[in-house]
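Topology and contacts: notes
Below are the chains, spelled out letter by letter.
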Amino acid sequence: MSARNGSDDVARAARALGARLPAALEPLARLAYDYAWSWTPGGEELFASVDPYRWELCAHNPVRLLTETTEHALAAAATDDTLVGRAREAAARLGAHRARPSAEAPETAFFCTEFAVHSSLPVYSGGLGVLAGDILKEASDRALPYAGIGLLYRQGYFRQRIDPSGWPLEYWSTLDPDRMPGTLVTTDGVSPLTVSVRMFGRDIVAQVWRVDVGRVPLYLLDAERIENSPVDRWITSRLYVGDRRFRLAQYALLGIGGMRALRAMGLDPAVVHLNEGHAALAPLELALEGVRAGGSFDESLAAARARTVFTTHTPIGAGNEAYSAEEMRIVLGDLPDELMTDEKSMLALGRARAGDATEPFGMTPLGLRVSRAANGVSEIHGRVARAMWAHLYVGIADADVPIDAVTNGVHVPSWMAPPMRRLLDRHLGESWIERAADARTWEPLDDVPDAELWDARCSMRAALVDYARERAAADRLGRGESMEYAEAALRAFDPNVLTLGFARRATAYKRLYLLTHDRARALALLDGEQRVQMLLAGKPHPQDEEGKRIIQSVFELKWAPHVSERVAFLEDYDMRVARRLVSGCDVWINVPRPPLEACGTSGMKAAMNGGLNLSVLDGWWDEAYDGTNGWAIGSHPVGSRAASDHAAQDATDAAALYDILEREVVPLFYDRDANGIPRGWCARVRASLRTIGPRFNATRMLDEYRTRMY
Ligand SMILES: *Cc1c(COP(=O)(O)O)cnc(C)c1O
């Protein structure tokens, strides 16, 4: 019997690729079609060893590697006994993992507009996608019956270049889905399975790609179909496409189309998890099934609601998208009829005051209305979200608004670099990673000698420095800078120097500009006897002029003494750059304006690698900081007079940042014993791993979702 859910289609694609390889390399083809390799120790090295040069050219996409590498390289690899043995072993392990029976758990469909699984699948922008990708990977590791539902953007998210004046520019590159490690879901091995959604007064057709994230299938809907006009195909062109109507159409395709696709594939999820409001139309599609079966709209919606949980992610007003009645009519004018309800009742679902015709249709209010449980992504964010949406719950005090908190966590096998993983594999015992959410697992860290811990840190920093030298030199030449300026990058970064990192979405509230708030103090840090070097990265949204100006103002310092040698801005921040930065930086800086950081996860990734956080007490850091495991900037209590005076808040927070760097961070890093080991620093690294390791990982997060939300 052939499965309708695409599993046969992926297996067929892997066989077809395998048939083109020398027999000894066939196991690589199955590995290539399952992203589990990307978080399995040795997985990346295995593919790289086939053809290291091509591996880079193919942007670490194993299907492209095996398709595009030369006959000669394949023949050589096929005679490499070590490589062949490793491939066979890895394929056997993967096969065994895939054959495990599923854990007893509700079948869960996880909807999200972006998924960050790997840099070679560019359907993500940042933190939201990373969280979604990490949840799928964790679900796979634990054999939970999950499926991810998203969209396949043919041009992905924008890429970034910086012009010589420091102004960020964006461009898009087109994905070739036939070279992606995934395949179209078919009904019979040949014809693509399609679904259609009525938008703009016509039926828009989408096909469905399946990408295996370990055992968990990720389904991506794609409007690039011959039935659709070129304009309609644009719906799945770009993540967070500029035109609001296209964006609304994306969300409708994701929610309604996604649910239809699941049904067409024979899936009937017990839990529908809406990760952010974008997919909040999905429960309406579930309700529609009830309506078709003869139920009333209200009853059917109540039944759909009983299966739906919702996670809100942004405490920023503008991040919660809302559409006017006119926009709703243009894009989804036929939906009320389909639901056998009227426009007013449907719009009321997305309004705070049902009868207020002037109020736009908000995706977050909709998400809250159509789900039986909701949560924010840190304790602080839970409180902020309760206050923010209290007006939807008439007669309920802020504190009783039914929005819970599940603090984010990161998928440790994806984000912990090999030197730290090897160190912990040696000391934390057999399969410690499966017990990562148990504080006792991390106790043996106390017995890890400082020398070993420091050695791991130094090798990760050295790897980052190598990478940063090359990247910075290439970026500079690409911007049209002089040869001397590019060479400064090669000479500069030093593997033994305290390395600070700051990388995140370059929007105003992240306050990158605090780093240069006091120019003299910032430059003095670079020029001190005890040196500091710094790596920056970040992409402001194409329409975010303010974010772009902030990046440009940092570039204005490029000719100041030592800046060209000790500071680099790495262009085009993505998962690959992030992985390098979070593993190699000694200190990870985060200075958002509270309480606008819903959670933050990059600092957790840094901590998993033995990096230390220096952060404003907002989001997850407010829960994690205990005085011994990093550094905190207190900022002002939210709601206080001082906190509403942004200029004053910036000045105090910047001063606190420099104070901590000058008085604590730099001296501690350079305070060495007779063997050159910074004992005090190592103690902090150990405290950070011990306290953050067990709590801010995806294992604990998924446990909480399962016990409290599902
Ligand atoms: C982890 C990650 C993020 C999210 O980190 P924040 O701490 O929320 O800024 C964003 N972008 C990329 C590429 C990441 O890997």
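Below: a short report on this structure. (Residues numbered from 1 in each chain as written. Predicted model: local features only at pLDDT ≥ 70, side-chain atom pairs only at ≥ 80, totals over all residues. Heavy atoms only, no water.)

1. Examining the overall build of the protein chain
A tally of helices and strands in the protein chain yields 31 helices and 20 strands. Whereas a compact globule of 710 residues would reach a radius of gyration of roughly 27 Å, the protein chain reaches 25 Å, a difference of no more than 12%. With the C-alpha coordinates aligned to their principal axes, the bounding extent of the protein chain is approximately 80 × 70 × 55 Å. The 710 residues of the protein chain split such that 60% are buried. Long-range contacts, defined here as pairs at least 24 residues apart, represent 73% of the contacts in the protein chain between residues at least 6 apart. Just so you have it, the protein chain exposes about 26300 Å², and 52% of that area is on carbon and sulfur atoms. Separation of charge centres in the protein chain, based on 81 positive and 95 negative side chains, amounts to 1 Å. (Helix = DSSP H or I, 4+ residues; strand = E, 2+ residues; numbered from the N terminus. Rg over C-alpha atoms; globule rule 2.2 N^0.38 Å. Buried < 20%, exposed > 50% of the residue type's maximum accessible area, 1.4 Å probe, protein only. Contact = heavy atoms within 4.5 Å. Areas by Shrake-Rupley, 256 points an atom, 1.4 Å probe, with all protein chains shown as cover. Lys, Arg positive; Asp, Glu negative; His and termini not counted. Charge placed at Lys NZ, Arg CZ, Asp CG, Glu CD.)

2. A closer look at the site of the ligand
In the vicinity of the ligand there are 14 residues, among which R504, A578, T601, S602 and K605 approach most closely. Side-chain polar atom of R504 to an oxygen atom of the ligand: 3.3 Å apart, as the coordinates give it. In the environment of the ligand, an oxygen atom lies 3.1 Å from a nitrogen or oxygen atom belonging to the backbone of T601. Structurally, the ligand is housed in the second largest pocket. Residue composition of the shell around the ligand, grouped by class: five nonpolar, five polar and four charged. (Near = heavy atom within 4 Å. Polar contact = N/O pair within 3.5 Å; in protein donor to acceptor, adjacent residues only side chain to side chain. 1 Å grid on protein atoms, 1.4 Å probe; cavity = no way out; pocket = protein on both sides within 12 Å on 5 of 7 lines; lining within 4 Å. Sits in = over half its atoms within 2 Å of the grid points. Nonpolar A, V, L, I, M, F, W, Y, C, P; charged D, E, K, R; others polar.)

3. Focus on the packing of aromatic side chains
We describe a pair of aromatic rings using the distance from one ring centre to the other and the angle between the two ring planes. All told, the structure shown has 20 aromatic pairs when counted by the stated rule. With a centroid separation of 6.4 Å and 50° between ring planes, the pair formed by Y146 and Y710 is classed as tilted. Linking Y146 in strand β2 (residues 146-151) with Y710 in the segment after α31 (698-709), this pair joins segments that are 564 residues apart in sequence. Taken as a pair, Y146 and Y710 share a single burial class, namely buried. Relative to W681, the ring of F669 has its centre 5.1 Å away and its plane inclined at 90°; by these criteria the two rings are edge-to-face. With a gap of 12 residues between them, F669 in helix α29 (residues 646-670) and W681 in helix α30 (residues 679-692) connect regions that are remote in the sequence. An aromatic cluster is present here, built from F110, F115, Y146, Y705 and Y710 joined pairwise through their rings. Directly above the aromatic system of Y485 lies the positively charged group of R476, at a separation of 4.3 Å from the ring centroid. The ring of Y485 is capped by K558, whose NZ or CZ atom sits 5.6 Å from the centre of that ring. (Phe/Tyr/Trp six-rings, centres within 6.5 Å; stacked < 30°, edge-to-face > 60°. Lys NZ or Arg CZ within 6 Å of the ring centre and 35° of its normal.)

4. Focus: the pattern of salt bridges
Two side chains bearing opposite charge may form a pair once their charged atoms approach each other closely. Counted under the stated rule, the structure contains 56 salt bridges. Note that R263 is salt-bridged to E289, the shortest N-O span being 2.3 Å. Taken together, the residues R263 in helix α10 (residues 244-264) and E289 in helix α11 (residues 282-292) connect sequence positions 26 residues apart. The class for R263 is partly exposed, based on a relative accessible area of 28%. (Salt bridge = Lys/Arg side-chain N within 4 Å of Asp/Glu carboxyl O.)

5. Examining the nonpolar core
Counting residues in each nonpolar core, the largest one holds 141 residues, and the members touching the most others are L28, F111, Y146, M199, L281 and L284. The element best represented in this core is α10, accounting for 11 residues. In this view, L28 contacts L46, F47, V50, L66, L83 and A87; residues no more than four positions away in its chain are not counted. By size, the runner-up hydrophobic cluster in this structure holds 102 residues, among which are A508, F569, I589 and C682. (Core = buried A, V, L, I, M, F, W, Y, C linked by side-chain atoms within 4.5 Å.)

6. Regarding the layout of surface pockets
Take a probe with the size of a water molecule and roll it over the atoms, and the empty space left behind shows itself. Volume-wise, the second largest pocket comes out at about 1400 Å³. Contributing to the lining of the second largest pocket are 48 residues, with E114, S125, R505, T507 and Y509 lying nearest its centre. Counting residues per element, the ones that place at least two in the lining of the second largest pocket are α8 (127-141), α10, α25 (575-584) and α26 (602-608). Ranked by residues supplied to the lining of the second largest pocket, first place goes to α8 with four residues. Taken together, the residues of the lining of the second largest pocket break down into 20 nonpolar, 15 polar and 13 charged. (Points joined across faces, edges and corners; volume = space filled by probe spheres on them.)

7. Digging into empty space enclosed by the protein
A complete count under the given rule lists five cavities of 30 Å³ or more for this structure. Lining the largest cavity are 27 residues, with T516, M534, L536, V554 and V567 sitting closest to its centre. If one sorts the elements of the lining of the largest cavity by residue count, helix α22 (residues 519-527) sits on top with four residues.

8. Quick notes on α29
Since the α-helix turns once every 3.6 residues, residues separated by three or four places project in the same direction. In this model α29 runs 34 Å from its N-terminal to its C-terminal C-alpha over 25 residues, within 8% of the 36 Å that 1.5 Å per residue would give. The principal kink in α29, of about 40°, is found at L661. Within the span of α29, buried status applies to Q649, D650, D653, A654, L657, Y658, I660, L661, V665, V666 and F669. (Expected span 1.5 Å × (residues − 1). Bend = angle between axes of the 7 residues up to and from the residue.)

9. Quick word on unusual backbone geometry
Each neighbour pair has its own omega, and for P594 with P595 the value is 0°, a cis peptide bond. Non-glycine residue E276 carries a positive phi angle of around 85°. Checked against the element boundaries, E276 lands in the loop between β9 (271-275) and α11. Phi is positive for R511, which is not a glycine, with a value near 50°.

10. With respect to the sheet that holds strand β19 (residues 612-616)
Judged by pairing direction, the sheet is parallel, and its six strands sit side by side in the order β17-β16-β15-β18-β19-β20 without closing on themselves. Sheet topology places β17 (567-569) and β20 (630-633) at the edges, where each strand pairs with a single neighbour. When the angles between neighbouring strand axes are averaged without regard to direction, this sheet yields 15°. Sheet analysis places strand β16 (residues 532-537) next to β17, joined by three bridges and oriented parallel. Note that in β17 the partner of M534 across the bridge is V567. Packed on one face of the sheet, α25 meets β15 (498-503), β16 and β18 (587-590) and runs near 155° to β16. (Pairing = 2+ DSSP bridges. Axes fitted to C-alpha atoms, helices over the stretch in contact; angles between N-to-C directions.)

11. Section: the environment of R30
Assignment of secondary structure puts R30 in helix α2 (residues 26-32). Each C-alpha atom of the pair R30 and L525 lies 50 Å from the other, and the pair is 495 residues apart in sequence. Apart from the residues within four sequence positions on either side, R30 is in contact with V10, A14, L94, R98 and D212.

12. A short note on the packing of α29 against α30
Look at α29 against α30: their axes get within 6 Å of each other, and the N-to-C directions meet at 115°. On the basis of their axis angle, the class for α29 and α30 is roughly perpendicular. Across the interface between the two elements, V665, L668 and F669 of α29 pack against G680, W681 and R684 of α30. Taken together, the residues of the contact of α29 with α30 sort by class into four nonpolar, one polar and one charged. (Parallel < 35°, antiparallel > 145°, perpendicular 65-115°, else oblique.)

13. Topic: the state of the cysteines
For the structure shown, the criterion picks out zero disulfides. Left without a disulfide partner, C458 is nearest to the cysteine sulfur of C682, which lies 8.4 Å away. (Disulfide = S-S within 2.5 Å.)

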